[in-house]
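Geometric and topological summary
If you want the building blocks of each chain, they are given just below.
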Amino acid sequence: MGCFFSKKSKRKSEKDDRTPTTTTVETTTGNAVPLGNNSDEAPKQYSWDKREKVDPKDYMLTKLKDMTVGRLPGKLNGQQFVIQECENCNIYVFDHAATITIDDCVNCRVFLGPVKGSVFFRDCKDIKCVVACQQFRTRDCKKMDVFLSCSTQPIIESSTGMKFGCFQYYYPELGFHFKDAGLSIFNNNWSNIHDFTPVSGENNWSLLPEASAVLDFIPAPDSESEFKSVRISADASRSIVPLTKGGRRRDSDESCLFVFFAGEYTTANARKMIDEATAKGFVLIQTKEVSMRPEDVKRVFQNSADDLVEWITKGPVIALELSGDGVVEACKKIANDVFSGTKVFVSDNKNTSSRDVDNFFNFADMQMGL
């Protein structure tokens, strides 16, 4: 609102010599009405006035020793988090985060909920951890055992004694935390490690024994800690992320490609298929969830492409590679018996199934920049 002054107002040069007070408007009755300083009106509140004050200490753990510490679900809610200079601690982050850095920690057991961006360990030693993230990296680390879910290729740099296994974990909020972090449970490159600084004749990393149990490395929170109410399970059959064989040696040369196209129950159907196949003794090698274009369908599925093009417009596809003698015929039977009303692709025979697997997963890896 503009301010209007009567002819009785003094000249500007005279006004400039005065200390400003309350600006007034003279009404036709001669009463002065103050602007912006009415004691009867509440001061205006802006959005930044209403925000809760953030205490940096809520988003870091530093210089702790011989303690059980961390964050309960809902405490981080997608913020960045820092862990540094901790020794002989059990650390549990039961929430999703933007990024997490872990520096100068020694002899710690760590669980990290899903991280939308990167998890970066630097100058750490004797660490055992469970980690789910978009990017995983270590630098100048020694002796780490990592149960990992990573959407991209994990990178180690100037690090030795690194051992990796597939992520195996469950707590009730974990599925929602994966979704909030934008991570797919089917995109896990845990065994596809890139050593940025290899040493000739030496191997800085290896895979953990296949039978490794998570709780033997990272124990559940004890009953006296603040985390006792979190109902966790490290049973592979309950893990949010499917347990895959990854780069380990296979017992059979026969593989099968099984693909689910987008629908209301795609994730549930893929989990059910994994349960059906593994119950029959077959092994899940790898999984992927990716979007496809019509030209991708023709390149990947070739002779079956015409029937599948319309389905990729509905959303991403979920693909499974299953292995074992007789797996192709077994998968075809499961598709007919259990998923007869669901749009799927199954390798037609064991002579061409390896080509199906290579075509799809090579495409998926290129899509994801692997």
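The notes below deal with the structure included here. Along every chain, residues carry numbers that run from 1 in the direction the sequence is written. Where totals are concerned, whole chains, interfaces and linings use all residues; where local detail is concerned, this predicted model gives features only for residues with pLDDT of at least 70, and gives and counts side-chain atom pairs only at 80 or more. Values shown for side chains rest on all heavy atoms present in the structure; no hydrogens or waters enter the calculation.

**Let's talk about the nonpolar core**
- Only buried residues count toward a nonpolar core. Its members are Ala, Val, Leu, Ile, Met, Phe, Trp, Tyr and Cys residues joined through side-chain atoms within 4.5 Å. Type-normalised accessible area, obtained with a 1.4 Å probe on protein chains alone, sets the label of each residue: buried when under 20%, exposed when over 50%, and partly exposed for intermediate values. Among the nonpolar cores identified, the biggest contains 46 residues, and Phe167, Tyr169, Phe178, Phe258 and Met273 are the most heavily contacted of them.
- For this core, the elements supplying multiple residues, two or more each, are β9 (125-139), α3 (174-180), α4 (214-217), β15 (255-260), α5 (266-279), β17 (317-323), α7 (327-338) and β18 (344-346).
- At six residues, α7 tops the list of elements feeding residues into this core.
- What Tyr169 contacts, discounting residues up to four positions off in sequence, is Phe94, Phe111, Val130, Leu174, Val214, Ile232, Ser233, Arg238, Ser239 and Ile240. Helix numbers and strand numbers start at the N terminus; a helix is a DSSP run of H or I with at least 4 residues, a strand a run of E with at least 2. Pairs of residues are marked as contacts when any of their non-hydrogen atoms sit within 4.5 Å.

**Notes on the side chain of Ser323**
- Mapped onto the elements, Ser323 comes out in strand β17.
- With a relative accessible area of 5%, Ser323 lands in the buried category.
- Within 3.5 Å is the distance limit for a polar contact, defined as a pair of N or O atoms, with the added protein rule that one can donate a hydrogen and the other accept it, and that residues adjacent in sequence qualify only through two side-chain atoms. Among the polar contacts made by the side chain of Ser323, one reaches the main-chain carbonyl oxygen of Glu254 at a distance of 3.1 Å.
- Excluding residues within four positions of it along the chain, Ser323 makes contact with Arg250, Ser252, Glu254, Ser255, Phe282, Val283 and Ile285.

**Some thoughts on the packing of aromatic side chains**
- Pairing of aromatic rings covers Phe, Tyr and Trp, the last counted by its six-membered ring, and requires centre-to-centre distances within 6.5 Å; plane angles under 30 degrees mean stacked, over 60 mean edge-to-face, and any other angle means tilted. Taken as a whole and assessed by the stated rule, the structure comprises 19 aromatic pairs.
- On the basis of an interplanar angle of 90° and a centroid distance of 6.0 Å, the ring pair of Phe167 and Phe178 is categorised as edge-to-face. Taken together, the residues Phe167 in the loop between β12 (160-166) and α3 and Phe178 in helix α3 connect sequence positions eleven residues apart. Each of the two residues, Phe167 as well as Phe178, counts as buried.
- Plain terms: the ring middles of Phe360 and Phe361 are 5.4 Å apart, the flat faces sit at 75° to each other, and that makes the pair edge-to-face.
- Among the aromatic residues, ring-to-ring pairing joins Tyr92, Phe94, Phe111, Tyr169, Tyr171 and Phe227 into one connected group.
- If you follow Arg122 out to its NZ or CZ, it ends over the ring of Phe120, 5.1 Å from the centre.
- A cation over an aromatic ring shows up here: Lys314 above the ring of Trp311, its NZ or CZ 5.4 Å from the ring centre. Any Lys NZ or Arg CZ that is within 6 Å of a ring centre and within 35 degrees of that ring's normal is treated as a charge sitting over the ring.

Any link to function would need more than the numbers given here.
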